[in-house]
Amino acid sequence: MRVILDTNVLLGALISPQGPPDAIYRAWRAARFDLVTSGAQLDELRRASRYPKLKAILPAHRIGTMVNNLQRAIVLGDLPPLPDGIGATDPNDAFLLAMALAGDADYLVTGDRRAGLLQRGSLQRTRILTPATFCAEALL
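What you see is a predicted model; the values in this text were computed from it and never measured. (Residues numbered from 1 in each chain as written. Predicted model: local features only at pLDDT ≥ 70, side-chain atom pairs only at ≥ 80, totals over all residues. Heavy atoms only, no water.)

Caption draft 1: Spotlight on the pairing of strand β2 (residues 34–38). In terms of burial, β2 is a largely internal element, four of the five residues being buried. Inspection of the sheet shows strand β1 (residues 2–5) paired to β2 by two bridges, in the parallel sense. Within β2, the position partnered with R2 by the bridge is D34. In this sheet, strand β3 (residues 74–76) lies alongside β2 in parallel orientation, the contact comprising three bridges. Bridge pairing links T37 to V75 in β3. (Buried < 20%, exposed > 50% of the residue type's maximum accessible area, 1.4 Å probe, protein only. Helix = DSSP H or I, 4+ residues; strand = E, 2+ residues; numbered from the N terminus. Pairing = 2+ DSSP bridges.)

And the structure:
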């Protein structure tokens with residue numbers, strides 16, 4: 001099973017070690033699924049880690065460790081543009097949809113209820129789920 005974790009899920013795993021994002025991250029580390037990421041997402045993770053709100057609660061070495069761990073995932077290179085008719089409500093999430101298509105993902109897991117990804121529900125073969133739903137359905 002191939003899974004994409006939105007950056008907010010990855011950060012959530014570091015912020016709240018008892019929640020669904022952390023359970024998902026630990027499941028990947030235990031080789032229960034293949035994680036798909038990209039250079040664009042790794043850049044976003046590094047950039048987000050510099051936000052003052054996150055710097056106050058997350059030591060830089062924890063982000064660095066996660067980025068290093070993610071190097072062992074399936075890391076996609078340059079992402080192709082989205083096909084005509086497929087767009088993201090939030091342009092900052094377009095790379096996630098491109099990753100889903102290029103990485104032939106089974107799931108895209110996101111905690112962002114405002115960006116429109118969850119409302120989409122799926123993109124071709126990729127189901128788009130919240131962390132809690134993914135845990136309940138895919139990590140039985």
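Caption draft 2: Inspection of helix α3 (residues 39–48) at higher detail. Turning to α3, its buried residues number three or more, namely Q41, L42, E44, L45 and A48. Projected onto a plane normal to the axis of α3, the buried residues spread over an arc of 160° and lie on a single side. (Arc of directions from axis to C-beta.)

Limitation: the analysis is restricted to geometry and does not speak to function.
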